[in-house]
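Structural features, examined
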Amino acid sequence: KQLKVEFGQITGDNVEQLRKVNLACFPVQYQETYYKNVVNGKNEDLCKFAYWNGYIVGAACSRIETVEGSDRQRLYIMTLCVLAAYRGRGIGTQLIQSILDYYEAQKDSSLSKVDEISLHVHISNEDAMNFYKTRFGFEQGEMVENYYRRIDPPHCYLLYKKLR
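Attention here is on the structure that accompanies the text. The numbering scheme is per chain: residues are counted from 1 as the chain's sequence reads. Predicted model: local features are reported for residues with pLDDT of at least 70 only, side-chain atom pairs are reported and counted for 80 or more only, and whole-chain, interface and lining totals are derived from all residues. Neither water nor hydrogens contribute to the side-chain values; these are computed over all heavy atoms in the structure.

1. Structural notes on the environment of Q106
Considering the arrangement of structural elements, one finds Q106 in helix α3 (residues 91-106). Only protein chains enter the accessibility calculation, which uses a 1.4 Å probe; a residue whose area is less than 20% of its type maximum is buried, one above 50% is exposed, and one in between is partly exposed. Judged by relative accessible area, Q106 falls into the partly exposed class, the value being 24%. Distance from Q106 to G137, taken between C-alpha atoms, is 21 Å for residues 31 residues apart in sequence. Excluding its chain neighbours within four sequence positions, the residues that come into contact with Q106 are L111 and S112. Numbering goes from the N terminus for both helices and strands, where a helix is a DSSP run of H or I of at least four residues and a strand is a run of E of at least two. Any two residues whose heavy atoms approach within 4.5 Å are treated as being in contact.

2. Comments concerning the packing of aromatic side chains
In this description, a pair of aromatic rings is defined by centroid distance and the angle of the planes. Aromatic rings from Phe, Tyr and Trp, taking only the six-membered ring of Trp, are treated as a pair when their centres fall within 6.5 Å; an angle between ring planes under 30 degrees marks them as stacked, one over 60 as edge-to-face, and anything in between as tilted. Evaluated as defined, the whole model comprises nine aromatic pairs. For the pair F131 and Y132, a centre-to-centre distance of 5.0 Å together with 85 degrees between the ring planes defines the contact as edge-to-face. Neither F131 nor Y132 differs from the other in exposure class; each is buried. Linked through ring pairs, F26, Y30, Y34 and Y35 together constitute an aromatic cluster. Lysine and arginine charges are scored as sitting over a ring when NZ or CZ, respectively, is within 6 Å of the ring centre and within 35 degrees of the ring normal. When the ring centre of Y35 is taken as origin, the NZ or CZ atom of R19, which lies over that ring, is 4.3 Å away. The aromatic ring of F7 is capped on one face by K48, whose charged end is 4.9 Å from the ring centroid.

3. Notes on the pairing of strand β4 (residues 73-82)
β4 sits mainly inside the fold: 10 of its 10 residues count as buried. Pairing of strand β3 (residues 55-66) with β4 involves nine bridges; the strand directions are antiparallel. Bridge pairing in β4 links C61 to T79. From the end of β3 to the start of β4, which pair antiparallel, there are six residues, and G69 there has a positive phi angle of about 75 degrees. Paired strands, as defined in this entry, are two strands with at least two bridges between them according to DSSP. Note that β4 and strand β5 (residues 114-122) share four bridges and pair parallel. For Y76, the partnering residue across the bridge sits in β5 and is S118. Whether a crossover is right-handed depends on one test, that the path from the first strand over the helix to the second runs clockwise when the strands point away from the viewer. What joins β4 to β5 is α3, and the crossover it makes is right-handed.

4. Observations concerning the side chain of D115
Note on placement: D115 falls in strand β5. Polar contacts, as counted here, are pairs of nitrogen or oxygen atoms within 3.5 Å of one another; within protein the pair requires one atom able to donate a hydrogen and one able to accept it, and residues that are adjacent in sequence qualify only if both atoms are side-chain atoms. Polar contacts involving the side chain of D115 include one to the side chain of R72, which spans 2.4 Å. Sequence-distant contacts of D115, that is, excluding residues within four places in its chain, are made with R72, Q73, K161, K162, L163 and R164.

5. A closer look at the sheet that holds strand β1 (residues 6-9)
Here we have seven strands laid out as an open sheet, ordered β1-β2-β3-β4-β5-β7-β6, and mixed in their pairing. With partners counted over all chains shown, the strands left at the sheet margins are β1 and β6 (139-144), one partner each. Sheet twist, expressed as the mean angle between neighbouring strand axes with direction ignored, is 30 degrees. Comment: axis = line fitted to C-alpha atoms, over the contacting stretch for helices; angle = value between 0 and 180 degrees taken between N-to-C directions. Relative to the sheet, helix α2 (residues 32-41) contacts β2 (47-52), β3 and β4, its axis offset from that of β4 by approximately 110 degrees. Lying over the sheet, α3 contacts β1, β2, β3, β4 and β5, oriented at roughly 160 degrees with respect to β4.

Structure representation (structure tokens):
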């Protein structure tokens, strides 16, 4: 059954919880700079926890990036994770939708230069590729070789969706 979650900000006081969630979800460990950037970004519209019954059950972290050689920007999803016991209950969908809703609300003001959303997905992560393609209409872009340092194979795909 679907679970309706509440969102909460990631701060210096609770960032260790993000580290634990990420360790449970991903085959790579994120560097200290990733956690510092999430906390220092102070934007709960882009980086947030999903709470169900008061417990953290997932998190999404994204950022705004400038597209090289242009004045365009993209929304980049750094991480999305839902704890294994809570998957398939609409939590990841609610997290990504909330980021897209933020874009929709800000696309004519602070996010006026943003025209796409993208992320990298490990080439063996079929579940993630299907999730983004079927739920949100992302397209699969090029394979990026040797993107990861500590996973074999180290390659990933770029997934993206045009927003305007």
